[in-house]
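Reading the structure
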Amino acid sequence: MAPDGRLTYDEIFAENDKVGAFLNSCYTYMPAKGVRYFFWSRGPVEWSDEAWDTDAESESGLMSGRLYNGDASAANHPAVNVSEDSGNGNYWGRYWAGIRNSTVFINRIDSAVVDNESDRKRWKAEAHLLRAYYYHELLKWYGAVLPIVREPYDFDADFSQVQKASYYEVTKFIMEDCDAALATDELPWRITSDGEAYRLTKAFAEAIKSKMILFAASPQNNAGENRWQEAYEVNKQSLANLRNQGYELYNKVNFPQTYLSDNAFIGPDKNEKAALYNEYFTQTTQFAAAPVDRETIYQSRDSQGDVWNIDGIGAQDGYKSGTCPSQELVDAYETIDGQPILDLANPYADEKHLQPNYNPENTLYDPADPYANRDPRFYASIYYNGSRRYAFWNFAEARESVENYPAPMGARTRIIATWAGEPQTGLHPTVRKATRTGYFQRKFLHPNSGTNNRVTGANWKIFRLGEVILNFAEAAAEAGHLDEAREAVNEIRSRVGMPELPADLNQAQLILRIRHERRVELAMEENRYFDVRRWLNPGEDLSKTDKWITAANIIRNGDGTYTYGRRTVRDVERRNYTSRFVWLPIPLDEANRLRSATGVDWQNPGW
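Now for a description of the structure that goes with this document. (Residues numbered from 1 in each chain as written. Predicted model: local features only at pLDDT ≥ 70, side-chain atom pairs only at ≥ 80, totals over all residues. Heavy atoms only, no water.)

Here the focus is the overall build of the protein. Scanning the protein from N- to C-terminus turns up 21 helices and 11 strands. Here the protein has a C-alpha radius of gyration of 24 Å; the compact-globule value for 607 residues is 25 Å, and the two agree. For the protein, the C-alpha atoms occupy an extent of roughly 80 × 50 × 50 Å along the three principal directions. Within the protein, the proportion of its 607 residues that are buried is 60%. Accessible surface computed for the protein: about 22,700 Å², of which carbon and sulfur atoms make up 47%. (Helix = DSSP H or I, 4+ residues; strand = E, 2+ residues; numbered from the N terminus. Rg over C-alpha atoms; globule rule 2.2 N^0.38 Å. Buried < 20%, exposed > 50% of the residue type's maximum accessible area, 1.4 Å probe, protein only. Areas by Shrake-Rupley, 256 points an atom, 1.4 Å probe, with all protein chains shown as cover.)

Taking 1.5 Å per residue as the helical rise, helix α7 (residues 117-142) with its 26 residues ought to reach 38 Å, and the 37 Å between its terminal C-alpha atoms agrees with that figure. Within α7, 21 of the 26 residues are buried, leaving the element largely enclosed by the surrounding structure. Between a side-chain oxygen at the N-terminus of α7 and the backbone nitrogen of Ser 118 the separation is 3.2 Å; the capping residue is Asn 116. (Expected span 1.5 Å × (residues − 1). Polar contact = N/O pair within 3.5 Å; in protein donor to acceptor, adjacent residues only side chain to side chain.)

A few words now on unusual backbone geometry. Positive phi outside glycine occurs at His 353, with the angle close to 65°. Position of His 353 relative to the elements: it lies in the loop between α14 (327-332) and α15 (376-381). A relative accessible area of 5% places His 353 in the buried class. Positive phi, close to 60°, is recorded for Asn 373, a residue that is not glycine. Assignment of secondary structure puts Asn 373 in the loop between α14 and α15. For Asn 373, a relative accessible area of 38% puts it in the partly exposed group.

Position of His 516 relative to the elements: it lies in helix α18 (residues 507-521). Not counting chain neighbours up to four residues away, the residues in contact with His 516 comprise Ala 332, Glu 334 and Leu 344. (Contact = heavy atoms within 4.5 Å.)

Pairing of strand β10 (residues 550-556) with strand β11 (residues 562-568), which is carried by 7 bridges, proceeds in the antiparallel orientation. In the strand pairing of β11, Thr 550 is matched with Thr 568. Counted along the chain from β10 to the antiparallel partner β11, the turn is 5 residues long, and its residue Gly 560 has a positive phi close to 90°. (Pairing = 2+ DSSP bridges.)

Between helix α16 (residues 465-478) and α18, the least distance of the axes is 9 Å, while the angle of their chain directions is 165°. On the basis of their axis angle, the class for α16 and α18 is roughly antiparallel. Crossing handedness for the pair α16 and α18: left-handed. Taken together, the residues of α18 that come into contact with α16 (itself represented by Glu 467, Leu 470, Asn 471, Ala 473, Glu 474, Ala 477 and Glu 478) are Gln 507, Leu 510, Ile 511, Ile 514, Arg 515, Glu 517, Arg 518 and Glu 521. Tallied by class, the residues present in the contact of α16 with α18 amount to 6 nonpolar, 2 polar and 7 charged. (Axes fitted to C-alpha atoms, helices over the stretch in contact; angles between N-to-C directions. Parallel < 35°, antiparallel > 145°, perpendicular 65-115°, else oblique. Left-handed = near helix turned anticlockwise from the far one by under 90°. Nonpolar A, V, L, I, M, F, W, Y, C, P; charged D, E, K, R; others polar.)

What follows is about the packing of aromatic side chains. Each aromatic ring pair is characterised by the separation of its centres together with the angle its planes make. Per the stated rule, a full pass over the model turns up 44 aromatic pairs. When the centroid spacing of 4.4 Å and the interplanar angle of 50° are considered together, the rings of Trp 52 and Tyr 68 count as tilted. A residue pair is termed long-range when its members are at least 10 positions apart, and Trp 52 in strand β1 (residues 51-53) and Tyr 68 in helix α5 (residues 63-68) qualify at 16 residues. You'll find Trp 52 and Tyr 68 in the same group, each marked buried. (Phe/Tyr/Trp six-rings, centres within 6.5 Å; stacked < 30°, edge-to-face > 60°.)

Helix-helix packing: each pair is described by the crossing angle between the helix axes and the interaxial distance. Packing of helix α9 (residues 202-217) against α16 brings their axes to within 10 Å, and their N-to-C directions diverge by 35°. Considering how the two elements wind past one another, α9 and α16 form a crossing that is left-handed. The residues of α16 that touch α9, namely those facing Ala 207, Ser 210, Lys 211 and Leu 214, are Glu 467, Val 468, Asn 471, Glu 474 and Ala 475. Class assignment for the residues of the contact of α9 with α16 results in 4 nonpolar, 2 polar and 3 charged.

Going through the model one piece at a time under the given rule, you end up with 0 disulfides. Of the cysteine sulfurs around Cys 26, a residue in no disulfide, the closest is that of Cys 178, at 16 Å. For Cys 26, a relative accessible area of 0% puts it in the buried group. (Disulfide = S-S within 2.5 Å.)

Along the chain, Lys 443 turns up in the loop between β8 (440-441) and β9 (461-464). Residue classification places Lys 443 among the buried residues on the basis of a relative accessible area of 0%. Sequence separation between Lys 443 and Leu 594 is 151 residues; the distance between their C-alpha atoms is 42 Å. Here the side chain of Lys 443 touches Tyr 277 through a polar contact of 3.0 Å, side chain to side chain. At 3.4 Å, the side chain of Lys 443 and the backbone oxygen of Glu 521 are in polar contact.

The next thing to look at is the pattern of salt bridges. Taken as a whole and assessed by the stated rule, the structure comprises 49 salt bridges. With a closest N to O distance of 2.9 Å, Asp 531 and Arg 534 form a salt bridge. Highlighted residues: Asp 531 and Arg 534, both in helix α19 (residues 527-534), separated by 3 residues, approximately one helical turn. Assessed through its relative accessible area of 3%, Asp 531 is described here as buried. Residue class for Arg 534 comes out buried when judged on its relative accessible area of 2%. Counted as one network, the salt bridges with shared partners bring together Glu 295, Glu 334, Asp 375, Arg 377, Lys 443, Arg 464, Arg 493, Arg 495, Arg 513, Glu 517, Glu 521 and Glu 525. (Salt bridge = Lys/Arg side-chain N within 4 Å of Asp/Glu carboxyl O.)

Have a look at this one:
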């Protein structure tokens, strides 16, 4: 550090170690995602139709409560203007800072003092990917209100000529950065040692390309141009390249002593495919030449903390249940014969989603026994009324819902009870440890975690091969390559033992099934928030998906049986469904500066 605490760029790029340290600083803007949004929230998961946040009513001044009430402005938006927790928040300022530093690095590295050329080339490739990632995040959140920055601006520069680029132009710029990285021999496809943990790879480049060209081809963003064939071609090549480098779906239970034991999936939930799926999301990926997990492309550097205490099943001594999956998400899980529960083209007959349009071809689903015979991913992802798990915490001793079974470490089997009036985990409108919807999130919760066995949540999987496969499937179906699209989706379904899609689906039907598959396979992974937006036409709102969120209305009868119904989570609609909530607003002071400098209104519609 210089005596005045400052270094010039010339000084930084004149010494090898400082050059490497500056690249490290470019990495600091990477977000943690997962449950590391403000106050241990899942952010986009709870702002879509996937879930309801237990803090929305009990702490209505926090992010989700304000959003549900429509309390948002360009000057003070709850999704942005909060204390940053592990990089989730302040997206505009944070990602532009990352873009600036990455651009400075890219423009100086060729003439910098670097001890060996291999490092120089690899570092430059990483900077290209960091810039691509930050741009991709801005484009997802804000849309086509971004300039393309190839040269870093000085702070006293003339900004009057700065221009907005189209969504497609920014996408192509992102892909250009990715291609620069892919053309660098010194950049690896996979990180194989802890000493290089969390560095970027060529696989990361392919994942960004796959996602962003899909988004650019989607109705919200394509400016009326048909870009599906290009999206298909890019995704086909990216997927092939990843497969050629050894990336594959997580297809084996590698820790049977944990996930296939009696304290993991108990009773009707016990299913090897459910255990496989749960294992994948509750294990942090290891860095090795031959890793157990060959599906994860990139994971965050942060664990998700004590999810059992702040985002899992409620408990007597727990803090909050956090993410409560919606009835809409539960409705999405098919029966084991591969039939959807609802008519996918028109799932509900009413605005509030209280009158489901059942699929007449489904003969296994019984509304009076709604959790039987479901997709294994349902049992791996959702705790429902009647689920069982070993309880590594202190429940009240004399509860009807506790059964005593032989169990390790003094644990007891807990029958999850979510009926209205159950005092610990039942449906309740304000108690933090209760459920708002009749469901608890299970997908990221280790089966042995609890108060007396603190197993933290695994690092968040930012990109994984399963998503790239579904990106390809969607692009292929939209471009008319139906057989390839169906084959890709069937690979995802086969992993969890679900039947193949019918071979006689027409294009429109297949697209519906692929969108539906994304909802199930990628549930609570932040994808749904962005998917429902990109599938809209410009000017449309989110009233069909996000206006009303429903819960299971479960009544415990005198004989111990249950009557299952539906109810809205609250009596008034969520107010974050109007068209302005498709995009985040540029922060007000930034929008004013841009207008003053360029004479153009850069702000997103409605803000």
